[in-house]
Amino acid sequence: MFIDKVRIHVKGGDGGAGCMSFRREAHVPKGGPDGGDGGHGGNVVLQADAGVSSLIDYRFKHHFNAPRGTHGKGSRMHGATGDDLVLPVPVGTLVREYFEDTKEVGELLADLTHDGERITVAAGGMGGRGNIHFVTSTRRAPAFAELGEPGAEGWVELEMKLMADAALVGMPSAGKSSLIARMSAARPKIADYPFTTLVPNLGVATSGDLSFVIADVPGLIEGAHEGRGLGHEFLRHIERSALIVQVVDLTGDYEGRDPLEDYEVIKRELALYADELAHRPRVVVANKADVPGTEEVADELARRVRADSIAAAGGDEFAESPFDPKLYRVSALTGQGVDGLKAALATKVHELREAARAELEGQVQFEQVWEFRRDARDKRFEVEQEAPHVFRVSGGQVERMVVQTDWENEEAIVFLQHRLKRLGVDTALEKAGAVDGDEIRICGMAFDFESAAGHPDLYEELDL
C-alpha cells in the first residue's frame, strides 16, 4: 500500500530529577553537597532512509514516545540519558507542525531530501541539576535540587513527495506504465483501461555509465489542478522531479482523443497547478509511433514542441530553453526509440544534478535554521492580565523553569523567583500593571507577586 501523508504525535523523554544530597562519611563530619544531575530525556528524531518507500508504518500507530532520563543520585552520580527514538521516513518527506485542536498545519520544519538527513521533532527534557550546582558564597548548603524537565510534545504532519529525477506525465492510457516497464526493472500494473495506475511507481533506468530514477505518475485529466481525478494527489509528486517527461498517445487511445489537444491539456494543467512547473525542464515523448497512420500527427506535434521551445527561450531560436526542441518518437510495446530516449534522459538528468549540486554548495542546512528559530521562540514570553490582580506568564523557557521547581521546597521557590527576575519577567509584569500581592500564574502554578523594589534584599541574598 502506498501511503504518502500521515500525522503523528511525538513526545521527547522526560528528564530525570536532580538529587539533593550531602556527603556523609566517616571522618568527614561536615561534607558538602554531592547530589548528581538527572539524565536528559531522549529525543524523537525523523531520519530520511533510502530503504523506506512509503509512510505506511505510521498509518495505524500515531503516538511515539522517547525514553526518559534516570534520576541523579548521591556521591555526584548522574542519571543516564535516555536513548533517542529514531523514526525512519522516505527520502523526500516534508515535515510540518500540526495543531490537532484546530486541525491546522503550521510551519514547515524540514525537507528531508537526502539519505541520512534528520531533524529532531520532539526534544527530550533536560535533566534536573543536583544541589552541587547551587552552592554560592552565601549559600553553602543548598537544600534543594531541580526536577526533570518534561519532554517536548506535539503533532507533526509528514508528507512524502517522490524523489524521482524524471516524472512521466500524460493522459490516462498514454502508455506511461508500459514505458517505465520497458526502460527499467519496474513492473507496474498494465491494462487497456484508464486509471490502471492508481499510485506512483518508481524505476531505475540505466544508459551507459549513467542512471536515473524515473516515476510513473497516474494519469491526469483536464481539471486536475482543481483536484479532478485526484489531480492534487498526483500533481504534487511531480514537484520533486527535476525533469518532466510528457507522454502523448499518438493514436488518441480507444476514446479517440486528439493527441494534439492532449498535449495542450497536460501542458496547461501543469502551469495552472504551479507556475514553476510551466518552466521546468521538459521532454516530450510521442508513444505508439509503431502504429500505422500516426506519422502526420507526430510531425505536427514535433512542430508544436519546437515552437514551444523557441517561445520558452524568449523567441530566440538558438537560445537555451527548458523545453527540449526534439520530439522523441517511441513505441513502449516494441521498444522502438526507447534506447535513444533513455540516453537523452540520462544525459539531461546528469546535467541537472550537477547544476543543482553547484547551487546547493555552501547553503545552511535546514536543521540548523530550524533549531535557531526554535530556540528563539523558546526564549520569548508573554504577560497577559486574565482578571483584576491576576496575570499569566507564558513561554517555553519560563514554563520549563516552573515545572523543574520543587514546590514543596521553600528555598527552591525563592531560587525560581530569582531566575524569573533575571529573565526580565518581573520587569514585564510591572509594565503590565502588576503590584505586590497580585496573583501570578505560570503553567498550573500560582503565587503572589513580590517586586524587587518591595523586597530589595531578596535577590542580593541569592547571588549566583
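## Description of the overall build of the protein chain
On a plain count of helices and strands, the protein chain comes out with 10 helices and 18 strands. Considering only residue pairs separated by 6 or more positions, the protein chain has 71% of its internal contacts joining residues 24 or more positions apart.

## Notes on a negative patch on the surface
There is a patch of like negative charges on the surface, built from Glu 430, Asp 436, Asp 448 and Glu 450. Its location among the elements puts Glu 430 in helix H10 (residues 425-431).

## Notes on the environment of Gly 69
Mapping Gly 69 onto the fold places it in the loop between strand S3 (63-65) and strand S4 (85-90). Judged by its relative accessible area of 1%, Gly 69 is buried. The spacing of Gly 69 and Gly 128 is 59 residues in sequence and 9.9 Å in space, taken between C-alpha atoms. Once you skip the residues sitting within four places of it in the chain, Gly 69 turns out to touch Asp 14, Gly 15, Gly 16, Gly 39, His 40, Gly 41, Ala 80 and Gly 82.

## So, the sheet that holds strand S2 (residues 44-49)
Spatial ordering of the open sheet is given by S4-S2-S7, a layout of 3 strands whose pairing is mixed. The sheet is open, and its two edges are formed by S4 and strand S7 (118-122), each paired on a single side. Here the strands of the sheet are splayed against their neighbours by 30° on average, with no regard to which way each runs. In terms of strand pairing, S2 meets S7 through 4 bridges, oriented antiparallel. Note that in S7 the partner of Val 44 across the bridge is Ala 122.

Conventions used here
Residues numbered from 1 in each chain as written. Predicted model: local features only at pLDDT ≥ 70, side-chain atom pairs only at ≥ 80, totals over all residues. Heavy atoms only, no water. Helix = DSSP H or I, 4+ residues; strand = E, 2+ residues; numbered from the N terminus. Contact = heavy atoms within 4.5 Å. Patch = residues over 30% accessible without salt bridge, like charges linked within 9 Å, V, L, I, M, F, W, Y side chains within 5 Å. Areas by Shrake-Rupley, 256 points an atom, 1.4 Å probe, with all protein chains shown as cover. Salt bridge = Lys/Arg side-chain N within 4 Å of Asp/Glu carboxyl O. Lys, Arg positive; Asp, Glu negative; His and termini not counted. Charge placed at Lys NZ, Arg CZ, Asp CG, Glu CD. Buried < 20%, exposed > 50% of the residue type's maximum accessible area, 1.4 Å probe, protein only. Pairing = 2+ DSSP bridges. Axes fitted to C-alpha atoms, helices over the stretch in contact; angles between N-to-C directions.

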